[in-house]
Amino acid sequence: MHLDHHLESSAAVSADARRADGSRRALRIGLGGPVGSGKTATVAALCRALREELSLAVVTNDIYTREDAEFLLREAVLPPERITAVETGACPHTAIRDDISANLEAVEDLEDEVGPLDLVLVESGGDNLTATFSRGLVDAQVFVIDVAGGDDIPRKGGPGVATADLLIVNKTDLAPYVGSDLARMAADAKAARGELPVVLQSLRSEGGVGEVADWVRGRIAAWTA
Ligand SMILES: Nc1nc2c(ncn2[C@@H]2O[C@H](COP(=O)(O)OP(=O)(O)OP(=O)(O)O)[C@@H](O)[C@H]2O)c(=O)[nH]1
Ligand SMILES: [Mg+2]
């Protein structure tokens, strides 16, 4: 039995919003969700959309490899010194929720080495519907699910779907091929989340990551206000 699956208040903020020298640290946004839902693809698209206007960096998490970081490096979404990999060696949620030390160190090292930064994106390794980030690691979290994983996922709920600051239902372009009902996914997500935002997204279609990039811009504006 997991006793650590209790929900943390979405109003909570990370312990230290300032760095040791008193300067404001970067806003940290975590991206979690099931395996293959499109977390890395969303991170890549966000880097391309925001890199001209923000100073940003990325931390990826994989269980045994640096696969996601290597993808981002190959795609050259950011200069290589702005991309760091954490190898969790265990269930991904342990490194983003239970023992966040390796991720915190990675974020802080990036700020020391390439800062000042406006934004750090932390991608969790693919996990199940219970995986959420510690609010000691990130200031906001995005949960990414996709239409090919089944259109009943929003109804199944769980902390990621119900409480993430933003829910992305990704790969909407695949809905006709896998028989997923987008209207039902949107309605179920709304029922699970109340006023919390939901974005239906296809990275293969016009519009791409645009709405999510706007949401990030809004969070940055609130962070720096
Ligand atoms: N058709 C379609 N494919 C997508 C979309 N977004 C991502 N993909 C593809 O889905 C596959 C998995 O995407 P990733 O971004 O690697 O998924 P992930 O969530 O990072 O996967 P893990 O880190 O392994 O959990 C890749 O082949 C992507 O190109 C989308 O909007 N539409
Ligand atoms: Mg990934």
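The rules behind these values
Residues numbered from 1 in each chain as written. Chains lettered and ligands numbered in written order. Predicted model: local features only at pLDDT ≥ 70, side-chain atom pairs only at ≥ 80, totals over all residues. Heavy atoms only, no water. Helix = DSSP H or I, 4+ residues; strand = E, 2+ residues; numbered from the N terminus. Expected span 1.5 Å × (residues − 1). Contact = heavy atoms within 4.5 Å. Near = heavy atom within 4 Å. Polar contact = N/O pair within 3.5 Å; in protein donor to acceptor, adjacent residues only side chain to side chain. Areas by Shrake-Rupley, 256 points an atom, 1.4 Å probe, with all protein chains shown as cover. 1 Å grid on protein atoms, 1.4 Å probe; cavity = no way out; pocket = protein on both sides within 12 Å on 5 of 7 lines; lining within 4 Å. Sits in = over half its atoms within 2 Å of the grid points. Pairing = 2+ DSSP bridges. Axes fitted to C-alpha atoms, helices over the stretch in contact; angles between N-to-C directions. pLDDT = per-residue confidence, 0-100.

Attention now moves to helix H9 (residues 210–224). With 15 residues, H9 should cover 21 Å at 1.5 Å per step; its first-to-last C-alpha distance of 21 Å lies within 8% of that length. Tucked inside the fold, the buried residues of H9 contact strand S1 (27–32), helix H1 (39–50), strand S4 (119–123), strand S5 (140–146), strand S6 (166–170) and strand S7 (198–200).

Our focus in this paragraph is the site of ligand 1. Taken together, 18 residues lie around ligand 1, and Lys 39, Ala 41, Asp 173, Leu 203 and Arg 204 are the ones closest in. Asn 170 places a polar side-chain atom, nitrogen or oxygen, 3.1 Å from a nitrogen atom of ligand 1. One nitrogen or oxygen atom from the side chain of Asp 173 is found 2.7 Å from a nitrogen atom belonging to ligand 1. A total of 650 Å² of accessible area belongs to ligand 1 in isolation, and the protein chains cover 74% of it. The site holding ligand 1 turns out to be the largest pocket. Here the element with the most residues in the shell around ligand 1 is H1; it accounts for three residues.

Our focus in this paragraph is the sheet that holds S1. One open sheet accounts for seven strands, arranged S3-S2-S4-S1-S5-S6-S7; its pairing is parallel. Whereas interior strands pair on both sides, the edge strands pair on one side only; in this sheet they are strand S3 (83–87) and S7. Adjacent strand axes in the sheet meet at a mean angle of 20°, parallel and antiparallel pairs treated alike. Of the strand pairs in this sheet, S6 and S7 are connected by three bridges, and their pairing is parallel. Note that in S7 the partner of Leu 167 across the bridge is Val 198. Along the sheet, H1 makes contact with S1, strand S2 (56–62), S4, S5 and S6, crossing S4 at roughly 165°.

Moving on, we come to the confidence of the model for the protein. Summary statistics for the protein give a mean pLDDT of 90 and a share of 93% for residues scoring 70 or more. This stretch, residues 1–13, has a pLDDT under 50; its non-local contacts, to residues over four places away or in other chains, come to 15 contacts.

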